[in-house]
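What the coordinates show
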Amino acid sequence: MKFTDKGPPTTVAFILQKLKEHSPNSGELVGLATLAISGGVLLLLTGITLIVAVLSLIFIVPLILISSPVWIPIGGLVFFSGAGALSVLGVAAAAETVISRVYGYFQRVNPMGSSQFDDPGVPVYDTTEYVMDVTISS
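The structure presented is a predicted model; accordingly, all values stated were derived computationally and were not measured. (Residues numbered from 1 in each chain as written. Predicted model: local features only at pLDDT ≥ 70, side-chain atom pairs only at ≥ 80, totals over all residues. Heavy atoms only, no water.)

Attention shifts here to the overall build of the chain. Summing up its helical and strand segments, the chain has 3 helices and 0 strands in all. Along the chain, from the amino end to the carboxyl end, the secondary structure elements read α-α-α. Of the accessible surface of the chain, which amounts to about 12,600 Å², a share of 75% is contributed by carbon and sulfur atoms. (Helix = DSSP H or I, 4+ residues; strand = E, 2+ residues; numbered from the N terminus. Areas by Shrake-Rupley, 256 points an atom, 1.4 Å probe, with all protein chains shown as cover.)

With that settled, the discussion passes to the confidence of the model for the chain. With 80% of its residues at a pLDDT of 70 or more, the chain shows a mean pLDDT of 83. Here helix α3 (residues 121-137) is the element of the chain with the lowest mean pLDDT, 70, and helix α2 (residues 26-107) is the one with the highest, 93. (pLDDT = per-residue confidence, 0-100.)

Now for α2. In a regular helix each residue adds 1.5 Å, so 82 residues correspond to 122 Å; α2 covers only 80 Å between its end C-alpha atoms and thus falls short of that length. The largest bend in α2 comes to about 70°, at S68, with the proline P69 one to four residues further on. A positive phi of about 60° marks R108, the residue just after α2. (Expected span 1.5 Å × (residues − 1). Bend = angle between axes of the 7 residues up to and from the residue.)

In this section: the packing of aromatic side chains. Within the structure shown, the criterion is met by 2 aromatic pairs. Where Y105 meets F106, the ring centres are 5.5 Å apart and the plane angle is 70°; that geometry is what we call edge-to-face. Each of the two residues, Y105 as well as F106, counts as exposed. (Phe/Tyr/Trp six-rings, centres within 6.5 Å; stacked < 30°, edge-to-face > 60°. Buried < 20%, exposed > 50% of the residue type's maximum accessible area, 1.4 Å probe, protein only.)

The next subject is a nonpolar patch on the surface. A contiguous nonpolar surface patch, about 790 Å² in accessible area, is contributed by I51, V54, L55, I58, F59, I60, L63 and I64. Topologically, V54 is positioned in helix α2. By relative accessible area, V54 is classed as partly exposed at 47%. (Patch = residues over 30% accessible without salt bridge, like charges linked within 9 Å, V, L, I, M, F, W, Y side chains within 5 Å. Salt bridge = Lys/Arg side-chain N within 4 Å of Asp/Glu carboxyl O.)

Structure, rendered in structure tokens:
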């Protein structure tokens, strides 16, 4: 159908044709259905999670408040025991490092990784020796 000077035709067939042109294909419909289903499931799971969290707070907080005179000393004991154990382990690791370095020093053992470093004067000596050989031979 063509447009006339009076404007677009308003027949039912024209409207149905335009709707059919703009309707989504089957792939788009499957994608939309998948999006709606997965979004609904995620929304449902979010709601369940929030409801369980609120209900658990309603029932657990009074128990925590009633038993707090027991939990606070236990928490302090666990915290300070853990801090003490970590401090002892840190001091032991530092002592082991110092002892192994002192032992290596007295045994004249090179530290790990020292083999990759040459004597700093060797490259200079090699270069000067090479330059002297070249100048003497020419």
